Amino acid sequence: MDVKIAPSWKDRLADEFNKPYFKTLINFVKQEYQTQTVYPPGKEIFNAFDACDFSDVKVVILGQDPYHGAGQANGLCFSVHDGIRMPPSLVNIFKEILADLGKPLPSTGNLERWARQGVLLLNATLTVRASSPGSHQNKGWETFTDAVIKHISDERQHVVFLLWGSYAQKKGEVIDRSKHLVLMSPHPSPFSADRGFFGNKHFSKTNEYLVRQGLTPIEW
């Protein structure tokens, strides 16, 4: 199956694209886009991969679903398009960056600037029906993104994985902790941020680790 995704990922994920589950998934997704309002726009489904080559990955942030409101999702977890009001979880992420690093809240919630520095912003499920969170879960996306995480864990060294909330932490169980840094905390959602996301200092800890490995820190 010919999937329009960045070449560095296409080479590694070719086996997944030819598995029966993926063909079933793509048929489902195509039908949804034809009959429903689905986010993100079709050309942005694999935006996380197109914005961050496999060989450039330094940090992985795991999300769950794309945003399901109009104009929000852009294929990068927690990120929104320029000009779109920041969702509460993203506001809380920037609040923690302010507290941790002293960087003021930015004017845009578009995180493509992170992706270009080597931050893979990966949702477990890459599509969602409008106003219907979780509507594309258990259709095959999770199997695909598990394979992505496994490739990074097996083939790369010294990657920082930020796992916020129990869902991301369970998905990250496959990561080889002997050669990667895994940082875990509650989710930045307003329902849980006060239980340990605020104060987790994940952004400074990530940069300290990258510097120790001789890598350029992220401009959060």
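Calculation criteria
Residues numbered from 1 in each chain as written. Predicted model: local features only at pLDDT ≥ 70, side-chain atom pairs only at ≥ 80, totals over all residues. Heavy atoms only, no water. Helix = DSSP H or I, 4+ residues; strand = E, 2+ residues; numbered from the N terminus. Expected span 1.5 Å × (residues − 1). Buried < 20%, exposed > 50% of the residue type's maximum accessible area, 1.4 Å probe, protein only. Pairing = 2+ DSSP bridges. Axes fitted to C-alpha atoms, helices over the stretch in contact; angles between N-to-C directions. UniProt positions renumbered as here; feature names shortened; annotations may be inferred. Polar contact = N/O pair within 3.5 Å; in protein donor to acceptor, adjacent residues only side chain to side chain. Phe/Tyr/Trp six-rings, centres within 6.5 Å; stacked < 30°, edge-to-face > 60°.

Enquirer: Is there a simple way to explain helix H6 (residues 141-155) in this structure?
Expert: The α-helix winds at 3.6 residues per turn, so residues separated by three or four positions along the chain end up facing the same way. When the terminal C-alpha atoms of H6 are compared, their 21 Å separation across 15 residues agrees well with the 21 Å that a helix rising 1.5 Å per residue should span. When we look at burial in H6, the residues that qualify are Trp-141, Glu-142, Phe-144, Thr-145, Ala-147, Val-148, Ile-149, Ile-152 and Ser-153.

Enquirer: Hey, could you run me through the sheet that holds strand S2 (residues 59-63) in this one?
Expert: The strands that make up a sheet are held in pairs by hydrogen bonds between backbone atoms, and each pair lies either parallel or antiparallel. Taken in spatial order, the four strands make up an open sheet running S3-S2-S5-S6, and their pairing is parallel. The open sheet is flanked by strand S3 (119-123) and strand S6 (181-185), the only strands paired with a single partner. Strand after strand, the sheet turns through a mean of 20 degrees between neighbouring axes, direction not considered. The sheet contact formed by S2 and strand S5 (residues 160-164) spans three bridges and is parallel. Looking across to S5, one finds that Val-60 is bridged to Phe-161.

Enquirer: Please explain the UniProt feature "active site" (unreviewed entry) in the protein chain as it appears in this structure.
Expert: Within this numbering scheme, the UniProt entry marks Asp-65 as carrying the feature "active site" (unreviewed entry). Examined against the element boundaries, Asp-65 turns out to sit in the loop between S2 and helix H4 (88-101). At 2.4 Å, the side chain of Asp-65 forms a polar contact with the backbone nitrogen of Gly-134.

Enquirer: Looking at this structure, how should I read the packing of aromatic side chains?
Expert: The geometry of an aromatic ring pair is captured by the separation of the ring centres together with the interplanar angle, meaning the angle of the planes. Per the stated rule, a full pass over the model turns up 20 aromatic pairs. Summarising the aromatic geometry, the rings of Phe-22 and Phe-144 are spaced 5.4 Å apart at their centres and angled 50 degrees between planes, so their arrangement reads as tilted. One end of the pair, Phe-22, is in helix H2 (residues 20-35); the other, Phe-144, is in helix H6, with 122 residues separating them in the sequence. There is no split in this pair, since Phe-22 and Phe-144 are both buried. Ring plane angle 75 degrees and centroid distance 6.1 Å describe the contact between Phe-46 and Phe-144, whose orientation is recorded as edge-to-face. Here the residue Phe-46 occupies a position in the loop between strand S1 (38-39) and helix H3 (47-50), and Phe-144 occupies one in helix H6, the gap between them amounting to 98 residues. The buried category is assigned to Phe-46, whose relative accessible area is 10%.

Enquirer: Can you walk me through the pairing of S3 in this structure?
Expert: Note on strand geometry: in a regular strand, side chains alternate between the two faces of the sheet. With five of five residues buried, S3 is to be regarded as a mostly interior element. Neither face of S3 is open: one carries Val-119, Leu-121 and Asn-123, the other Leu-120 and Leu-122, and all of them are buried. One ladder, built from five bridges, connects S2 with S3; its direction is parallel. Following the sheet pairing, Leu-62 is matched in S3 by Leu-122.

Enquirer: Would you mind going over the pairing of S5 with me for this structure?
Expert: Extensive coverage of S5 is indicated by the burial of five of its five residues. On S5, burial covers both faces: Val-160, Leu-162 and Trp-164 on one face and Phe-161 and Leu-163 on the other are all buried. Relative to S6, S5 is paired through five bridges, and the arrangement is parallel. Paired with Leu-163 across the bridge in S6 is Met-184.

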